[in-house]
Amino acid sequence: MPDSKMDETKKKKKKTAECCGYPISIFFIVVNEFCERFSYYGMRAVLVLYFRYFLLWDDDLATSIYHAFVALCYLTPILGAIIADSWLGKFKTIIYLSIVYAVGQVVMAVSTIHDITDANRDGTPDNFTLHIALSMLGLVLIALGTGGIKPCVAAFGGDQFQEHQSRQLNTFFSVFYLCINAGSLLSTLITPVLRAQECGIHTQQQCYPLAFGVPAALMVVSLVVFIAGSGMYTKTAPEGNIMGSVCKCIWFALNNRFRHRSDIYPKREHWMDWAEEKYDKLLIAQIKMVLKVLFLYIPLPMFWTLFDQKGSRWTLQATTMTGDFGGFVLQPDQMQTVNPILILTLVPIMDRIIFPLIKKCGLNFSPLKRMTVGMLFAATAFIAAALVQMEIDKTLPNFPSSSESQLKVVNMHSESLIVTVPSQEPLLIGSFEVQHTSKHTTAVSHWCFTISSHVVFPQSSPDYITFDQQDIRLAFNTTPEINKDLSLIKGSRQTLIIPSEPAEMYLKEDIKSKPKEGKNAVRFVNGWTAYLNITNLESSLQPSETSNYTLVSQGMRKFTLTDGIQSCEFSRKFGFGSSYTFLIPSDLFSTDCESIKEIEDMQPNSVHMALQIPQYFLITTGEVMFSVTGLQFSYSQAPKNMKSVLQAGWLCTNAVGNIIVLIVAELGKLPKQWAEYVLFASLLVAVSIIFSIMAYFYTYIDPAEIEAEILKQQETDPDKKKKKETLEMEEKENEQEIKQTKI
Ligand SMILES: CC(C)[C@H](NC(=O)[C@H](C)N)C(=O)O
């Protein structure tokens, strides 16, 4: 900004109302930031699960769209900075883009109401296209709003301070960062709880509308709070199109350099010096400072690539773990709260203890060194995530590969049965009726061994494997032998149900991946002589029929079984991510449901979510070293009129990081999740080595000092006036051109 203009702005700054040395207006800004971050992080916390389990996208698509959205949120700050600097000013930009943001949140919340398209009232939306279109529109509006206001709000906060309040200004930025994390913490705790509620008009479903609706409401509150402070703000007028001047100056330098590429022209120290013919030395020097920092930013996106996977891959990892902490149960998406909790504790610890201690030891822990160490911490966080993943993989069922089939046999007949399988010992499948002496709660391992067993068959035909008389033989001890041809589905797990009338045996497909969201999949085989109604099941169960799987949440669950005349209750406590087949015997009501037997199709998750804490600790330590330092570095190394430009550039590194996740997730699909974590960790280590080399050659500057020196030089430069006049004339010409184009 030209000096004269800056002086004008300073003069325009009226004396503002103060409280404890702070302008009162900043309280509105801080509360506004808290609500806005609550809104943003609350919505983000449930976004992947919404994609995965409401829109039914697979893991990769859900992760890709999530990262595309985050990337967009960090690309739009450039737009916000341009609008604020050259057109509306920060105040109006914040208001208008906050309205866009709030509308986006409301559209997003509406898109999650399944009842709006659930005409047949079966609990699932009938028109997925409408839900997808609405949610994508909502996300684009949110990205425009949140990104657009991001570089403006902090700067607008800074504008509120007078010259004598420089100490308070520094504290403001710390409080501002803490507000970001307090908002993030509360929302990531609350919205998953709201999501876990059941709601709906026709059918009760996961309450996504509430989980997205509350962030929408908070965004409206944020806007109202910001407007409420309107009368107290110091509002600075737009400072001219800085971005435009920078781009024009760079373009001119490049063009001029190209025109003078011949050896006859003397070389200049820097390629930007080729703009000297037309542009002010100060502007050129400022652009050089910015470009130097931007060049250093090139490797930084890799940090964000890893950092932003907390909300996607790590949340999905948590769904395969158990969150039972004794007194309370943690939902998988709530694990993300560990990050802001650690930020709130680690920022003061680092600032007050660790960094001063390092300084006391005589070590020069410069900002760029801190950022390199931060990157290495993030890389180790991913190694920790890979180790946890390996532990999880050990507990996952051995699902058949695409060339295998798995078969389980459940014998509900009154006699034992021998199954003969090629190249395997004949299996004795005990009779459910004869052996059901023990209670369902104690029978798990016993039944798995005697009445059921998984057998893995190598697949020979491309689609199905057919067992003829030679392949599989089912023989009973006393009754005449029964032979059955069985077609097993490739890559699938199936259960052969042998009812009381063995000739009516049938295959039922088993669940072949962990149940969603850490829930439990249960089904019933009706060995009772009449139809049965069971709570939670879609329809009544005919004799000998097997129900489809139904999902139940963690904790004690009660099922009421009735045939219309008699009824009994059956309760069981569930963990996370298990699957069971419950066998209903013929003496169901005489034993008051006690004789129900269970077969564990899939073990409950056994790796505890607490094991994710080390990876969260490492990534957050990395964040404090990298992100907080990076923000300060971007501010301190930027010339006074380009602080927001560099802030937008800094936010862009985050956007590019998310785009990298998208590309790697799409192109480099690794068969094992732990291998993907190791790949990301290795990439970040490689990038941090490159960054440390670049940092070694970087010389820290004091922009204010350089600017003052150039201004002093210019005062004695006779060309200065002429150049300024040329520049002003060109700007006027440009303006006239624009006016004419409009006409
Ligand atoms: C993206 C920024 C680093 C910042 N995020 C955080 O502080 C997280 C919650 N730890 C933000 O501005 O949202």
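Residues numbered from 1 in each chain as written. Predicted model: local features only at pLDDT ≥ 70, side-chain atom pairs only at ≥ 80, totals over all residues. Heavy atoms only, no water.

Q: So, the overall build of the protein chain: which residues are in play, and what are the values?
A: When its secondary structure is counted, the protein chain shows 19 helices and 20 strands. Sequence separation of 24 or more characterises 73% of the internal contacts of the protein chain that already satisfy a separation of 6 or more. Total accessible area on the protein chain is roughly 33,500 Å²; 61% of this is exposed by carbon and sulfur atoms. (Helix = DSSP H or I, 4+ residues; strand = E, 2+ residues; numbered from the N terminus. Contact = heavy atoms within 4.5 Å. Areas by Shrake-Rupley, 256 points an atom, 1.4 Å probe, with all protein chains shown as cover.)

Q: Hey, could you go over unusual backbone geometry for me, with residue numbers and the actual values?
A: Positive phi, normally seen in glycine, also occurs at Leu-56, with a value near 60 degrees. Relative to the helices and strands, Leu-56 is located in the loop between helix H2 (25-53) and helix H3 (59-111). Since its relative accessible area comes to 54%, Leu-56 is described here as exposed. The phi torsion at Cys-593 lies on the positive side, around 75 degrees, for a residue other than glycine. Within the secondary structure, Cys-593 sits in the loop between strand E19 (579-584) and strand E20 (597-602). Given the relative accessible area of 2%, Cys-593 is considered buried. (Buried < 20%, exposed > 50% of the residue type's maximum accessible area, 1.4 Å probe, protein only.)

Q: Let's hear about the sheet that holds strand E17 (residues 555-562): which residues, and what values?
A: Spatial strand order, E15-E17-E18: three strands in an open sheet with antiparallel pairing. Taken across any chain shown, the strands that pair with only one partner, and hence form the sheet edges, are strand E15 (533-534) and strand E18 (567-574). Inspection of the sheet shows E17 paired to E18 by eight bridges, in the antiparallel sense. Residue pairing for E18: Thr-562 is matched across the bridge by Ser-567. (Pairing = 2+ DSSP bridges.)

Q: Talk me through the state of the cysteines; I want residue IDs and the actual numbers.
A: All told, the structure shown has two disulfides when counted by the stated rule. Across the disulfide, Cys-199 is cross-linked to Cys-207 (sulfur-sulfur distance 1.9 Å). Handedness of the Cys-199-Cys-207 disulfide follows from its S-S torsion of about 100 degrees: it is right-handed. With a sulfur-sulfur separation of 1.9 Å, Cys-568 is cross-linked through a disulfide to Cys-593. (Disulfide = S-S within 2.5 Å.)

Q: How would you summarise the pairing of E20 if you had to cite specific residues and measurements?
A: For E20, the buried fraction is high: five of the six residues fall into the buried class. Strand direction decides the pairing type here: E19 and E20, joined by five bridges, are antiparallel. Among the inter-strand pairings, Phe-582 is bridged to a residue of E20, identified as Glu-598.

Q: Explain the site of the ligand residue by residue, including any values.
A: Lining the immediate surroundings of the ligand are Arg-37, Tyr-41, Tyr-74, Lys-150, Tyr-177, Ile-180, Asn-181, Ser-184, Asn-339, Ile-343, Glu-623 and Ser-627. A distance of 2.4 Å separates an oxygen atom of the ligand from a polar atom in the side chain of Tyr-41. Lys-150 places a polar side-chain atom, nitrogen or oxygen, 2.7 Å from an oxygen atom of the ligand. At the level of secondary structure, the elements contributing two or more residues to the shell around the ligand comprise H2, helix H5 (166-196), helix H11 (338-360) and helix H15 (613-636). Here the shell around the ligand gets four residues from one element, more than from any other, and that element is H5. Tallied by class, the residues present in the shell around the ligand amount to five nonpolar, four polar and three charged. (Near = heavy atom within 4 Å. Polar contact = N/O pair within 3.5 Å; in protein donor to acceptor, adjacent residues only side chain to side chain. Nonpolar A, V, L, I, M, F, W, Y, C, P; charged D, E, K, R; others polar.)

Q: Describe in detail the packing of H3 against helix H6 (residues 208-228), supporting the description with residues and values.
A: Remark: H3 packs on H6, axes separated minimally by 8 Å, with the N-to-C direction vectors making an angle of 165 degrees. It follows that H3 is roughly antiparallel to H6 by the angle criterion. For the crossing formed where H3 meets H6, the hand is left-handed. Two secondary-structure elements touch here, H3 through Phe-91, Ile-94, Ile-95, Ser-98, Ile-99, Tyr-101, Ala-102, Gln-105, Val-106, Met-108 and Ala-109 and H6 through Pro-209, Phe-212, Gly-213, Pro-215, Ala-216, Met-219, Val-220, Leu-223, Phe-226 and Ile-227. Class assignment for the residues of the contact of H3 with H6 results in 18 nonpolar, three polar and no charged. (Axes fitted to C-alpha atoms, helices over the stretch in contact; angles between N-to-C directions. Parallel < 35°, antiparallel > 145°, perpendicular 65-115°, else oblique. Left-handed = near helix turned anticlockwise from the far one by under 90°.)

Q: I'd love a proper account of H3, names of residues and values included.
A: The end-to-end C-alpha separation of H3 is 20 Å, well short of the 78 Å expected for 53 residues at 1.5 Å each. Where H3 bends most, at Leu-88, the angle is about 120 degrees. (Expected span 1.5 Å × (residues − 1). Bend = angle between axes of the 7 residues up to and from the residue.)

Q: Residue-level account of the sheet that holds E20, with values.
A: Within the open sheet, the four strands sit side by side as E16-E14-E19-E20. Their pairing is mixed. Looking at strand neighbours, the two that pair on one side only are strand E16 (550-552) and E20, the edges of this open sheet. For this sheet, the mean inter-axis angle between neighbouring strands, taken without regard to orientation, is 30 degrees.

Q: Describe in detail the packing of helix H12 (residues 367-395) against helix H17 (residues 673-696), supporting the description with residues and values.
A: For any two helices packed against each other, one specifies the crossing angle of their axes together with the interaxial distance. Where H12 contacts H17, the two axes come as close as 8 Å, and the packing angle between them is 170 degrees. Overall, the two elements H12 and H17 adopt an arrangement that is roughly antiparallel. A per-class count over the contact of H12 with H17 returns 21 nonpolar, five polar and one charged.

Q: An account of the nonpolar core is needed here, citing residue identities and associated values.
A: Side chains of nonpolar character tend, in soluble globular proteins, to be buried together. Grouped together as the largest cluster of nonpolar side chains are 131 residues, with contacts concentrated most on Tyr-40, Leu-47, Phe-51, Phe-69 and Phe-212. By residue number, the principal contributor to this core is H3, which donates 15 residues. Once you skip the residues sitting within four places of it in the chain, Phe-69 turns out to touch Tyr-40, Met-43, Arg-44, Leu-47, Leu-139, Ile-142 and Ala-143. Counting 20 residues, the second largest nonpolar core, distinct from the first, contains Val-522, Cys-568, Phe-570 and Phe-582. (Core = buried A, V, L, I, M, F, W, Y, C linked by side-chain atoms within 4.5 Å.)

Q: I'd like to hear about the pairing of strand E5 (residues 404-411), residue by residue, with values.
A: Walk down a regular strand and you will see the side chains alternate between the two sheet faces. In terms of residue burial, E5 counts as a mostly covered element, since seven of its eight residues are buried. As paired strands, E5 and strand E12 (residues 493-498) are joined by six bridges and run parallel to one another. When the bridges of E12 are listed, Leu-407 appears paired with Gln-494.

Q: Could you give an account of the pattern of salt bridges, naming the residues involved and the relevant values?
A: One pass over the full model with this rule turns up 13 salt bridges. With a shortest N-O distance of 2.8 Å, Glu-36 and Arg-37 are connected by a salt bridge. Accessibility assignment for this pair places Glu-36 and Arg-37 in one class, buried. (Salt bridge = Lys/Arg side-chain N within 4 Å of Asp/Glu carboxyl O.)

Q: Summarise the environment of Thr-188; cite the residues concerned and give the values.
A: Relative to the helices and strands, Thr-188 resides in helix H5. The residues contacting Thr-188, other than those within four sequence positions of it, are Tyr-41, Ala-45, Asp-333, Gln-334, Gln-336, Thr-337 and Pro-340. Here Ser-184 takes part through its backbone oxygen, which lies 2.4 Å from a polar atom of the side chain of Thr-188.

Q: So, a nonpolar patch on the surface: which residues are in play, and what are the values?
A: Taken together, Leu-376, Val-685, Ile-689, Ile-693, Tyr-696 and Phe-697 make up a surface patch of nonpolar side chains, about 650 Å² in accessible area. It is H17 that provides the largest number of residues to the nonpolar patch, a total of four residues. Its place among the elements puts Ile-693 in helix H17. (Patch = residues over 30% accessible without salt bridge, like charges linked within 9 Å, V, L, I, M, F, W, Y side chains within 5 Å.)

Q: Kindly report on helix H8 (residues 281-297), identifying the contributing residues and their values.
A: Helix length check: H8, at 17 residues, gives a terminal C-alpha distance of 24 Å against a target of 24 Å (1.5 Å per residue), a fit within 8%. Residues Leu-282, Leu-283, Ile-284, Ala-285, Gln-286, Ile-287, Met-289, Val-290, Val-293, Leu-296 and Tyr-297 constitute the buried set of H8.

Q: How would you explain the packing of aromatic side chains if you had to name every residue and give the values?
A: A ring pair, where both rings are aromatic, is described by two values, the distance of the centres and the angle of the planes. A full pass over the atoms with the stated rule returns 44 aromatic pairs. Ring geometry for Phe-574 and Phe-582: centres 6.5 Å apart, planes at 75 degrees, overall edge-to-face. This pair shows no difference in class: Phe-574 is buried, exactly as Phe-582 is. Clustering of aromatic rings is evident, with ring pairs tying together Tyr-50, Phe-51, Phe-54, Trp-57, Tyr-208 and Phe-212. The ring of Phe-355 has Arg-370 sitting right over it, with the charged end atom 3.9 Å from the ring centre. (Phe/Tyr/Trp six-rings, centres within 6.5 Å; stacked < 30°, edge-to-face > 60°. Lys NZ or Arg CZ within 6 Å of the ring centre and 35° of its normal.)

The values are spatial; any link to function lies outside them.
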